[in-house]
Amino acid sequence: MNPARRQLWRQGLWEANPGLVQLLGLCPLLAVTTSAVNGLGLGIATLLVLAMTNLAVSLLRHQFRPEIRIPAFVIIIATLVTLIDLLMQAWLHELSVRLGIFIPLIVTNCTILARAEAFASRQPPSRALEDGLAQGLGFALILIVLGGVRELLGQGTLMAGADLLLGSWAAGLSLRLMPESWGFLLALLPPGAFITLGLLLALHQAIVQRQKQHPASLTATEKFQETDA
Amino acid sequence: MSTTRNTIRWTSVLPLAGLGLAAALLLAAVNEGTAERIERERDARVMRELARALPPERHDNDLTRDWVDERLDELGTVARVYRARLGGQPSALLVDLTTPRGYSGNIRLLVAMEPDGRVLRVDVLQHRETPGLGDQIERGRSGWLNQFAGRRAGLDDNERWAVNKRGGDFDGLSNATITVQAVIEAVDAASRWARQAPEALWVRPSPDEATPP
């Protein structure tokens with residue numbers, strides 16, 4: 001993987017993660033993540049919309065003058081979201097009932113318009129598609145982690161209801177790690193979403209800070225070792 | 001040029017119109033291709049809910065094709081009433097109703113009753129009550145819903161349809177009085193309505209297409 005592509009994935013997954021750093025699309029992020037499966041479902045849907053939008057926008061980028069670029073992007077995004085909503089209703093019916101309004105609301109997730117405008121409209125299709133996948137995966141991972149933490153703290157399970165999303169074979173993925181009566185209810189309530197996300201942001205920041213200091217300390221040690229030798 | 005820079009030229013609008021048209025055609029095609037399956041899935045979901053509420057031996061008609069919408073004035077909502085028949089005779093009523101009086105919004109219930117309004121079973125289909133408190137109404141979490149079976153609203157039974165904390169005959173759930181009271185009132189309204197429902201209810205034609213709420 002060449003450096004430019006590696007940079008794309010590093011941006012999407014870590015350095016400019018939509019959920020952790022750009023803080024875009026927080027409404028679905030906070031509202032849906034009461035369980036890991038809900039997070040995974042919305043994450044996959046958002047990932048598909050992001051990748052397909054980036055690809056479509058990049059392919060059509062020479063067709064639209066700057067004045068009408070934004071309306072054109074909005075049409076593309078709305079069309080793709082409606083498409084995915086219809087397909088989910090037809091083939092993942094239970095899950096689409098559970099995620100309810102949040103699938104249509106992917107339209108309003110500003111990550112998608114932001115990537116279309118800031119990246120895909122200036123890049124060739126392959127790079128735009130890859131950026132969409134990277135950003136979408138980054139967002140999906142945060143949804144899953146946030147959903148998983150809240151589900152575990154709130155009701156003591158992980159991946160409960162996985163069969164709704166992945167088919168009946170996935171029923172075995174559901175784990176109960178502690179009795180439901182130990183559940184910490186706050187985690188499932190809206191304040192719990194903010195608090196858990198805040199903790200995740202803090203963790204991300206702490207790791208970034210450490211990484212910034214780490215290379216310096218490493219060279220210092222190396223120097224020390226060199227002089228010692 | 002510099003002053004008219006911001007006016008939109010018609011030639012630049014054409015691609016937008018083309019995009020709109022293409023989007024409309026694509027969505028129309030996908031809608032056409034999925035509509036039947038979506039309807040089937042919806043019917044199947046409603047069927048599962050109805051089958052859970054009423055044993056299959058209680059009816060021999062297709063419930064998803066035999067229903068009417070009824071206004072429940074006490075709740076101010078419209079309920080969907082499925083009519084179960086056995087050998088052409090009235091067997092049971094299944095009322096799918098939504099009460100807006102939950103602690104955090106709507107609670108959707110499915111109430112199965114004898115034709116005279118005696119409750120067979122109550123299920124909670126959808127709610128947004130507080131996890132750990134109000135959500136104990138779910139059958140999977142407590143047996144609270146079971147106390148409705150066999151009861152019938154109305155004066156002749158001398159029952160007070162309220163939680164015992166408020167002088168009624170129903171057990172409550174701790175810290176969920178609003179939720180519990182909302183469910184009791186909704187089932188009460190359904191049972192009362194069924195008791196007073198005219199015979200004509202059973203002969204009214206169903207709307208042709210079953211579109212579940």
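Residues numbered from 1 in each chain as written. Chains lettered and ligands numbered in written order. Predicted model: local features only at pLDDT ≥ 70, side-chain atom pairs only at ≥ 80, totals over all residues. Heavy atoms only, no water.

Caption draft 1: Region of interest: empty space enclosed by the protein. Residue and element names in this part refer to chain B. Applying the stated criterion across every chain, the model contains three cavities of 30 Å³ or more. In this structure, the largest cavity occupies an estimated 40 Å³ of space. Taken together, Val46, Glu49, Leu50, Tyr82, Asp96, Arg108, Leu110 and Leu125 make up the lining of the largest cavity. Every element with two or more residues in the lining of the largest cavity is listed here: helix 1 (10-53) and strand 4 (105-113). For the lining of the largest cavity, the element with the highest residue contribution is helix 1, accounting for three residues. When its residues are assigned to classes, the lining of the largest cavity shows five nonpolar, no polar and three charged. (1 Å grid on protein atoms, 1.4 Å probe; cavity = no way out; pocket = protein on both sides within 12 Å on 5 of 7 lines; lining within 4 Å. Points joined across faces, edges and corners; volume = space filled by probe spheres on them. Helix = DSSP H or I, 4+ residues; strand = E, 2+ residues; numbered from the N terminus. Nonpolar A, V, L, I, M, F, W, Y, C, P; charged D, E, K, R; others polar.)

Caption draft 2: Inspection of the nonpolar core at higher detail. Residues Leu97(B), Leu109(B), Val111(B), Trp144(B), Phe148(B), Val183(B) and Val187(B) are the most contacted members of the largest nonpolar core, which totals 37 residues. Breaking this core down by element, the ones donating at least two residues are strand 1 (67-72), strand 2 (77-86), strand 3 (89-102), strand 4, strand 5 (119-126) and helix 2 (177-196) of chain B. Tallying contributions element by element places helix 2 of chain B first for this core, with ten residues. The next biggest cluster of nonpolar side chains, apart from the first, holds 32 residues, and it includes Leu20(A), Leu99(A), Ile112(A) and Phe139(A). (Core = buried A, V, L, I, M, F, W, Y, C linked by side-chain atoms within 4.5 Å. Buried < 20%, exposed > 50% of the residue type's maximum accessible area, 1.4 Å probe, protein only.)

Caption draft 3: Here's a closer look at the domain arrangement of chain B. Residue and element names in this part refer to chain B. Segmenting chain B into domains produces domain 1 (10-53) and domain 2 (58-202). One C-alpha centre belongs to domain 1, the other to domain 2; they are set 34 Å apart. Contacts between domain 1 and domain 2 engage eight residues on the former and 13 residues on the latter. Buried surface at the junction of domain 1 and domain 2, both sides included, amounts to about 910 Å², of which 60% is carbon and sulfur. The largest per-residue losses of area from domain 1 upon contact with domain 2 belong to Leu50, Arg52 and Ala53, which jointly make up 55% of the total buried on that side. Linking domain 1 to domain 2 there are two salt bridges. A salt bridge links Asp43 to Arg65, with the shortest nitrogen-to-oxygen separation between them at 3.4 Å. (Domains from an automatic or database assignment. Contact = heavy atoms within 4.5 Å. Buried area = accessible area lost by both parts, 1.4 Å probe. Salt bridge = Lys/Arg side-chain N within 4 Å of Asp/Glu carboxyl O.)

Caption draft 4: Highlighting the interface of chain A and chain B. Each side of the interface is counted separately: chain A has 26 residues, and chain B has 25 residues. When the area that chain A buries against chain B is broken down by residue, the three leading residues are Ile68(A), Leu86(A) and His93(A), summing to 21%. Seen at the junction of chain A and chain B, the total is one salt bridge. Between Arg48(B) and Glu94(A) there is a salt bridge, with its nearest N and O atoms 2.6 Å apart. Viewed at the interface, chain B and chain A are joined by three residue pairs in polar contact (both at pLDDT 80 or more). Only helix 4 (66-91) and helix 5 (93-99) of chain A provide two or more residues apiece to the side of chain A that touches chain B. Here the side of chain A that touches chain B takes 14 residues from helix 4 of chain A, the largest share from any one element. Residue composition of the side of chain A that touches chain B, by class: 16 nonpolar, six polar and four charged. (Polar contact = N/O pair within 3.5 Å; in protein donor to acceptor, adjacent residues only side chain to side chain.)

Caption draft 5: Region of the structure containing the side chain of Ser35(A). Within the element layout of this structure, Ser35(A) appears in the loop between helix 2 (26-32) and helix 3 (36-59). Within polar-contact distance, the side chain of Ser35(A) engages the backbone nitrogen of Asn38(A) at 3.2 Å.

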